[in-house]
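Commentary on secondary and tertiary structure
Read off the chains here:
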Amino acid sequence: MPLLKGVTMVLEGPRKPKGLRLFGSLSNHSDPPVGPTPRKAIWKKNKATLWYYPAPAKKYKTPLFLVYSLVNQAFILDLGPGSSMIEGFTNEGYDVYLLDFGIPGYEDKHLSLGDYVFDYIQTGVRRALRHSGAEEITIIGYCLGGTLALIYAAVANEPIKNLILFATPVDISEIPYMDKWAKAFKRGELKMDELIDEYGVIPAQVMEFWLRLITAPVNVTPYLALLGRMNDKRYLEKWKRFDKWVKGHVPFSGAAFKELINELLIKNKLIKNKLELRNKRVNLKKIKANLLVVSTEADELIPEEMTKPLMSKISSRDKTYRRERGGHVSLAIKGGLPDFLTEWLQKRS
């Protein structure tokens, strides 16, 4: 029997494994809902929404303000029951505010890092403080949202008690998985400004292609893991929610993208305390909030060398660095909160 014909019979014949049949029909099933934790909108600006998640039984007076990345949609922080960081926080007794930047359109091509930091994050924090009646607030940033939260904390006038950063790129002196690209950018051999200006906003498909290109081996892993658990309905539902997030990239403002490339990637200004936004220098030494920085061992997108150097740049007396198991979004989708986070936050809230 020819090899190709034999493979065809195995995949299409009556004895085709159930797991492969399910795998092949994934696209035929509707996506499970995301964002189940009760919430209400308390402020809107352009495409962004500030969501309020009240604790069922409030225990702590210091509310949490979450900032997520500009690359994907923020529902990864509230993926589903038992797989939600926000659910974990509210169940522990914290009131939570989430700044969801929304999905930019072409008309948002002018939005800069300064706009996101001052007009969205700072204004959102002020709204959260007013709404909660709290005297201080905890800022939590994830991925690029952590970078924005860090920048905000360095220029903020608001009373930030705690600053927690998960998988946050800060020092971009080296990018192991795109070393040749980074060197080409820094030597001026690869210029993006004209292309970005042509697009206005970077389309979601381009962002997805770029991220998949630089993390190719990682993108295959979830599918391999799925093959062994296709008959587990709970796992399949969770997997589909996660897959929806992975594929749910959003457009990126051209102005902000140029700043990320020129100011943070090429010149690495943030870690050097040389970044300026709206004529204000972003000096990390001005941050005195209690600091928790977390990286994970299997994070291929934001390796430890991009995150850990921050610890020596901040003036906070109370500083903690944690290296945990897991990947880039492991902490966001685990059921409940990890013990170290629960203990750290309880003592400081």
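Residues numbered from 1 in each chain as written. Predicted model: local features only at pLDDT ≥ 70, side-chain atom pairs only at ≥ 80, totals over all residues. Heavy atoms only, no water.

Section: the sheet that holds strand E2 (residues 48-53)
Neighbouring strands of a sheet are bound in pairs by backbone hydrogen bonds; such pairs are parallel or else antiparallel. The test is simple: Strand pairing is assigned whenever DSSP identifies at least 2 bridges connecting the two strands. What counts as a helix is a DSSP run of H or I of at least four residues, what counts as a strand is a run of E of at least two, and both are numbered from the N terminus. Interaxial angle, 0 to 180 degrees, is taken between N-to-C directions of lines fitted to C-alpha atoms, where a helix line uses only the stretch in contact. For this analysis, residues touch if any pair of their heavy atoms sits within 4.5 Å.
In space, the eight strands of this open sheet follow the order E1-E2-E4-E3-E5-E6-E11-E12, with mixed pairing throughout. Each having just a single partner strand, strand E1 (40-45) and strand E12 (319-324) make up the two edges of the open sheet. Averaged over all neighbouring strand pairs, the angle between strand axes comes to 15°, with direction disregarded. As defined by bridge partners, strand E5 (residues 137-142) adjoins strand E6 (residues 160-166) across six bridges and the pair is classed as parallel. From the neighbouring strand, Thr138 faces E6, where its bridge partner is Asn162. Where helix H3 (residues 85-92) meets the sheet, it contacts E2, strand E3 (64-67), strand E4 (96-100), E5 and E6, and its direction lies at approximately 160° from that of E4.

Some points on a positive patch on the surface
Inclusion rule: What goes into a patch is any residue over 30% in relative accessible area without a salt bridge, connected to like charges within 9 Å or, for nonpolar side chains (Val, Leu, Ile, Met, Phe, Trp, Tyr), within 5 Å. All accessible-area figures derive from a Shrake-Rupley calculation using a 1.4 Å probe, and residue coverage is judged against the displayed protein chains alone. Basic side-chain nitrogens of Lys or Arg form a salt bridge, by our definition, when they fall within 4 Å of a carboxyl oxygen of Asp or Glu. Think of it this way: Lys and Arg go in the positive column, Asp and Glu in the negative one, and His and the chain ends go nowhere. For this purpose, a charge sits on NZ of Lys, CZ of Arg, CG of Asp or CD of Glu. Categorising residues by exposure relies on relative accessible area from a 1.4 Å probe, with only protein chains included: less than 20% of the type maximum marks a residue as buried, more than 50% marks it as exposed, and the intermediate range marks it as partly exposed.
A cluster of basic side chains, namely Lys280, Arg281, Lys285, Lys286 and Lys313, defines a positive patch on the protein surface. The topology assignment puts Arg281 in strand E10 (residues 280-281). The exposure class of Arg281 is partly exposed, given its relative accessible area of 42%.

Here's the deal with unusual backbone geometry
Its identity as a non-glycine residue notwithstanding, Cys143 has a phi of 60°, on the positive side. Positive phi is not limited to glycine here, since Asn268 has a value of about 50°. Within the element layout of this structure, Asn268 appears in the loop between helix H11 (254-266) and strand E9 (276-277).

A word on the nonpolar core
For clarity, the threshold we go by: Residue types Ala, Val, Leu, Ile, Met, Phe, Trp, Tyr and Cys, when buried and joined through side-chain atoms within 4.5 Å, form a set referred to as a nonpolar core.
Core analysis: the largest hydrophobic core is formed by 94 residues, its most contacted members being Phe65, Leu77, Phe89, Tyr142 and Leu150. Apart from the residues within four sequence positions on either side, Tyr142 is in contact with Val67, Tyr68, Ser69, Leu77, Met85, Phe166, Ala167, His328, Val329, Ser330, Leu331 and Ala332.

Details of the packing of aromatic side chains
Stated precisely, the cut-off is as follows: For this analysis, a ring pair means two rings from Phe, Tyr or Trp (six-membered ring only for Trp) whose centres lie within 6.5 Å, classed as stacked if their planes differ by under 30 degrees, edge-to-face if by over 60, and tilted for the remaining angles. Comment: the charge-over-ring label is applied if NZ (Lys) or CZ (Arg) is within 6 Å of the ring centre and within 35 degrees of the ring normal.
In total, this model carries nine aromatic pairs according to the counting rule given. Centroid distance Tyr116 to Tyr120: 5.6 Å. Interplanar angle 40°. Geometry classified as tilted. Placement of both Tyr116 and Tyr120 in helix H4 (residues 113-132) is noted, with a separation of four residues, approximately one turn of the helix. Since its relative accessible area comes to 4%, Tyr116 is described here as buried. In textbook terms, an aromatic cluster arises when at least three aromatic residues are bridged by ring pairs, as seen for Tyr60, Phe89 and Tyr94. Seen from the ring of Trp51, Arg39 lies directly overhead, with NZ or CZ sitting 3.5 Å from the centre. Above the face of the Tyr120 ring, Lys45 is positioned so that its terminal group lies 5.7 Å from the ring centre.

Considerations on the pattern of salt bridges
Applying the stated criterion across every chain, the model contains twelve salt bridges. Here Asp108 and Lys47 are joined by a salt bridge, their closest N and O atoms 2.6 Å apart. One end of the pair, Asp108, is in the loop between E4 and H4; the other, Lys47, is in the loop between E1 and E2, and 61 residues separate them in sequence. We classify Lys47 as partly exposed; its relative accessible area is 30%. The network of salt bridges with shared partners includes Lys47, Glu107 and Asp108.

Some points on helix H5 (residues 144-155)
What counts, and what does not: In this scheme, a helix's expected span is set at 1.5 Å multiplied by one less than its residue total.
Between its first and last C-alpha atoms H5 spans 17 Å; for twelve residues at 1.5 Å apiece the expected length is 16 Å, and the two agree. Taking burial as the measure, the twelve residues of H5 include twelve buried ones, the bulk of the element. For H5, the full list of buried residues reads Leu144, Gly145, Gly146, Thr147, Leu148, Ala149, Leu150, Ile151, Tyr152, Ala153, Ala154 and Val155.

Details of the pairing of E1
The pairing of E1 with E2 spans five bridges and is classified as antiparallel. When the sheet's bridge partners are listed, Trp43 is paired in E2 with Leu50. Here E1 folds back onto E2 in antiparallel fashion, the turn holding two residues, of which Asn46 has a positive phi close to 55°.

A few points about the side chain of Asn290
Here Asn290 shows up in strand E11 (residues 290-296). If sequence neighbours within four positions are ignored, Asn290 has contacts with Lys161, Asn162, Leu163, Asp318, Trp344 and Arg348.

A word on the packing of H4 against H11
What counts, and what does not: Reported orientations rely on four angle classes, namely roughly parallel under 35 degrees, roughly antiparallel over 145, roughly perpendicular from 65 to 115, and oblique for the rest. In the scheme used here, Gly and all other residues not listed as nonpolar or charged are polar, with Ala, Val, Leu, Ile, Met, Phe, Trp, Tyr, Cys and Pro taken as nonpolar and Asp, Glu, Lys and Arg as charged.
Where H4 meets H11, the axes come as close as 8 Å, and the angle between the chain directions of the two elements is 110°. With respect to H11, the axis of H4 lies roughly perpendicular. Each of Leu113, Gly114 and Tyr116 in H4 lies in contact with H11, whose residues at this interface are Ala256, Glu259, Leu260 and Leu264. Across the contact of H4 with H11, the residue classes tally to five nonpolar, one polar and one charged.

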